[in-house]
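Okay, here's what each chain looks like letter by letter:
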Amino acid sequence: MPQIICTVDVVLLTLKDSLLHVALLKRDHPPFAGVLALPGGYVNPEEDADTRDAAERMLRVKTGIASPYLEQLSTFSGRGRDPRGWSISVVYYALVNAEVIVQSGHPGVVMAAVGQLKGLPFDHQQIIEAATHRVRNKSSYSSLPVYLCGETFTLPQLQSVYEAILGEVVNKVSFRRKIEELDMLEPVEGAMETGKANRPAQLYRLKNRFRQQLSLTDRALNASN
């Protein structure tokens, strides 16, 4: 009886030039050797306690990054997704600030705009589309976009990140109200952003308790009323 292939894949997303980008690497072995694909690989039953462990290992080994936020997206399976045979992939998605990827300096990582992808192997196009949809939907009612920011940021900078992900302009008053509801930020005492045309802006950072979990609200950003 043919053995089922069991892997994990990771959709590592960041924001570059106000567009979502995904991390890809050239595959170093068949099938699809030399083709850009998502970082991923086989689950190692001797090393990985679960699929999350495997996903964290894949990120660390293949991109040099330990993501501050990692969440299971879905399971993709079937006979036709991998030419080697019937396969199942447990997919996770991760968000990081673009500077983290630059600082990792890992060779071979290519950042590609999610709206300009083509020629990806397996079902990686479908996987990336699913991850992008999840991120955009979840961003409307959670603190998720903050993981695309740096360690500190101003509220206008955070609003720009939300707008880039949601693909629409967000009302400033509604945005500030939503951030208060989420209660995820704390001001950095004595830290202001200067050198801009406007008056100095207070710098904020994510509260410790939300560094590994999301803050959620029951109303979507920009929802009526």
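Shown above is the structure to which this text applies.
Rules used throughout
- Residues numbered from 1 in each chain as written.
- Predicted model: local features only at pLDDT ≥ 70, side-chain atom pairs only at ≥ 80, totals over all residues.
- Heavy atoms only, no water.
- Helix = DSSP H or I, 4+ residues; strand = E, 2+ residues; numbered from the N terminus.
- Buried < 20%, exposed > 50% of the residue type's maximum accessible area, 1.4 Å probe, protein only.
- Polar contact = N/O pair within 3.5 Å; in protein donor to acceptor, adjacent residues only side chain to side chain.
- Contact = heavy atoms within 4.5 Å.
- Salt bridge = Lys/Arg side-chain N within 4 Å of Asp/Glu carboxyl O.
- 1 Å grid on protein atoms, 1.4 Å probe; cavity = no way out; pocket = protein on both sides within 12 Å on 5 of 7 lines; lining within 4 Å.
- Points joined across faces, edges and corners; volume = space filled by probe spheres on them.
- Nonpolar A, V, L, I, M, F, W, Y, C, P; charged D, E, K, R; others polar.

Undergrad: How would you sum up the side chain of Gln159? Please name residues and give values.
TA: Here Gln159 shows up in helix α4 (residues 155-166). Overall, Gln159 belongs to the buried group, its relative accessible area being 10%. Of note is the side chain of Gln159, whose polar atom sits 2.8 Å from the backbone oxygen of Val170. With near-sequence residues (within four places) excluded, Gln159 lies in contact with Val170, Asn171, Lys172 and Phe175.

Undergrad: Break down the pattern of salt bridges for me, citing the residues and quoting the values.
TA: For the coordinates displayed, the defined rule picks out eleven salt bridges. We note a salt bridge from Glu71 to Arg134, for which the minimum N-O separation is 3.1 Å. Linking Glu71 in strand β5 (residues 69-78) with Arg134 in helix α3 (residues 124-139), this pair joins segments that are 63 residues apart in sequence. Ionic pairing is found between Arg209 and Asp183, a salt bridge with its closest N-O pair at 3.3 Å. Here the residue Arg209 occupies a position in the segment after β9 (201-206), and Asp183 occupies one in the loop between α5 (172-182) and β8 (185-193), the gap between them amounting to 26 residues. For Arg209, a relative accessible area of 49% translates into the label partly exposed. Salt bridges linked by common partners bring Glu71, Arg134 and Lys138 together as one network.

Undergrad: Before we move on, can you summarise the layout of surface pockets with the specific residues and values?
TA: Vacant regions in the atomic arrangement are exposed by a probe of water-molecule size rolled over the atoms. One number sums up the size of the largest pocket: a volume of about 410 Å³. If you go around the largest pocket, you meet 22 residues; those closest to its centre are Arg27, His29, Gly40, Gly41 and Lys62. Looking at the lining of the largest pocket, the elements with two or more residues in it are β1 (5-16), β2 (19-26), β4 (40-42) and β6 (87-95). Residue composition of the lining of the largest pocket, grouped by class: seven nonpolar, seven polar and eight charged.

Undergrad: Describe in detail unusual backbone geometry, supporting the description with residues and values.
TA: Apart from glycine, the bulk of residues carry a negative phi angle, and the bulk of peptide bonds sit in the trans form. Pro30 connects to Pro31 through a cis peptide bond whose omega is -5°. Positionally, Pro31 belongs in the loop between β2 and β3 (36-37). Positioned with a positive phi, Ser18 is a non-glycine residue whose angle comes to about 65°. A relative accessible area of 53% places Ser18 in the exposed class. Here the phi dihedral of Phe122 falls at roughly 50°; this positive angle occurs in a residue that is not glycine. For Phe122, the position within the fold is in the loop between β7 (110-113) and α3. Taking the relative accessible area as the measure of exposure, Phe122 reaches 19% and is therefore buried.

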